[in-house]
Amino acid sequence: MTNYDEPEELSAAVAGRPRPLLIGLDIDGVLSPIVAHADDAVLLDGVGDAVTAVAAHPAVDVAAISGRSLAGIAPFGFGDDIHVIGSHGMEPRDGTMTDLDDVEVARLHQLDALARAAAGHAGDGAWVESKPASVVLHVKQADPTSGAAALAELRTAASKIEGTIVKPGSAVLELLTRSGDKGTAMRELAEQLGARTLVFVGDDVTDEDAFAVIGETGVTVKVGDGDTLARHRLHGPADVRTWLQRLDRRLAD
């Protein structure tokens, strides 16, 4: 049976850690409930205010680190007090993403063509998302059998293109033309800020990179069930909101 942490107890565990504190938060499934189509996602009521309140405390930085592109993160409306990093760490809002070179551009075109072919095989409900350095096949709204087959087909085809990074997720498959991961993003941001304690909260396979980097020296939180490297768990976005609200109060003590 999966054991979940109480938000109150977890807030105490984080508030008691040495500062400066860097708190990294995935968005979908963490701050925003999972929906059938990614474009329909919104922050859970009250969670945006809770994130802003935590970030306002001295020696505390909060970062929204997502697989979404910066354009895909923009509708959530995170203020300038929140560090925002998209595309698995490749797109920092307060920095510049290095342009793709000719080889990476050519690879991305190949991957896009493969993803669109696979979406056609998956049938109605499947769609392809384009990002600056990757493409994503979404099949959550497609027929489960044809969707799963299309993901497997795409993974096999993409693995034959040298230099491709494959990131599986929940009813999605992302193909990157260059390397990027949330663990590297957390480590680099922590170095820039001089953070002493790292915290990361995520729900999907791609968040395991951040959990691995942080290890036992910080606080890692898995949202939902499933195998994970994280040492703590919360049920869903509602518990994340409660945890952030409790953390805000404890940081003020």
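What you see is a predicted model; the values in this text were computed from it and never measured.

*Asks:* Outline the pattern of salt bridges, supporting the account with residue identities and numerical values.
*Replies:* If you walk through the whole model with that rule in mind, you get nine salt bridges. With a closest N to O distance of 2.8 Å, Glu-104 and Arg-178 form a salt bridge. Of the two residues, Glu-104 is situated in helix α4 (residues 102–122) and Arg-178 in the loop between β8 (172–176) and α6 (182–193); the sequence distance between them amounts to 74 residues. Pair check on accessibility: Glu-104 and Arg-178 agree, each one buried. Between Lys-167 and Asp-209 there is a salt bridge, and its shortest N-O distance comes to 3.5 Å. One end of the pair, Lys-167, is in strand β7 (residues 165–168); the other, Asp-209, is in helix α7 (residues 208–214), with 42 residues separating them in the sequence.

*Asks:* Can you break down the sheet that holds strand β10 (residues 219–223) residue by residue, with the values?
*Replies:* The seven strands lie next to each other as β4-β3-β2-β1-β9-β10-β11, forming an open sheet whose pairing is mixed. Because the sheet does not close on itself, it has two edges, and the strands there are β4 (91–92) and β11 (232–234). Note: strand β1 (residues 21–25) against strand β2 (residues 60–65), five bridges, orientation parallel. Bridged to Gly-24 within β2 is Ala-63. Docked against the sheet, helix α2 (residues 47–55) engages β1 and β2, running at close to 140° with respect to β2.

*Asks:* Would you mind going over the layout of surface pockets in detail, with residue names and values included?
*Replies:* Space inside the largest pocket adds up to approximately 590 Å³. Going through the elements one at a time, β5 (127–131), β6 (134–138), β7 and β8 are the ones with two or more residues in the lining of the largest pocket. In terms of residue count, β5 provides more of the lining of the largest pocket than any other element does, three residues in total. Taken together, 15 residues form the lining of the second largest pocket, with Ile-85, Gly-89, Pro-92, Ala-185 and Glu-188 sitting closest to its centre. Of the residues that constitute the lining of the second largest pocket, the class distribution is five nonpolar, seven polar and three charged.

*Asks:* Go over the sheet that holds β8 with me, naming the residues and quoting the values.
*Replies:* The antiparallel open sheet is built from four strands, whose spatial order is β5-β6-β8-β7. The open sheet terminates on both sides in strands that have one partner only, identified here as β5 and β7. Here the average twist between neighbouring strands, direction ignored, is 15°. In this structure, β5 lies alongside β6, joined through five bridges in antiparallel fashion. Of the residues in β6, the one forming a bridge with Trp-127 is His-138.

*Asks:* Please give an account of the packing of α2 against helix α8 (residues 237–252) that cites residues and values.
*Replies:* Here α2 crosses α8 at 30°, and the two axes come no closer than 9 Å. Comparing the axis directions of α2 and α8 gives the class roughly parallel. Crossing angle aside, the handedness with which α2 passes α8 is left-handed. Between α2 and α8, the residues in contact are Val-47, Ala-50, Val-51, Ala-53 and Val-54 and Arg-241, Leu-244, Gln-245, Leu-247, Asp-248 and Leu-251, respectively. Its residues assigned to classes, the contact of α2 with α8 comprises eight nonpolar, one polar and two charged.

Scoring rules and cut-offs
- Residues numbered from 1 in each chain as written.
- Predicted model: local features only at pLDDT ≥ 70, side-chain atom pairs only at ≥ 80, totals over all residues.
- Heavy atoms only, no water.
- Salt bridge = Lys/Arg side-chain N within 4 Å of Asp/Glu carboxyl O.
- Helix = DSSP H or I, 4+ residues; strand = E, 2+ residues; numbered from the N terminus.
- Buried < 20%, exposed > 50% of the residue type's maximum accessible area, 1.4 Å probe, protein only.
- Pairing = 2+ DSSP bridges.
- Contact = heavy atoms within 4.5 Å.
- Axes fitted to C-alpha atoms, helices over the stretch in contact; angles between N-to-C directions.
- 1 Å grid on protein atoms, 1.4 Å probe; cavity = no way out; pocket = protein on both sides within 12 Å on 5 of 7 lines; lining within 4 Å.
- Points joined across faces, edges and corners; volume = space filled by probe spheres on them.
- Nonpolar A, V, L, I, M, F, W, Y, C, P; charged D, E, K, R; others polar.
- Parallel < 35°, antiparallel > 145°, perpendicular 65-115°, else oblique.
- Left-handed = near helix turned anticlockwise from the far one by under 90°.

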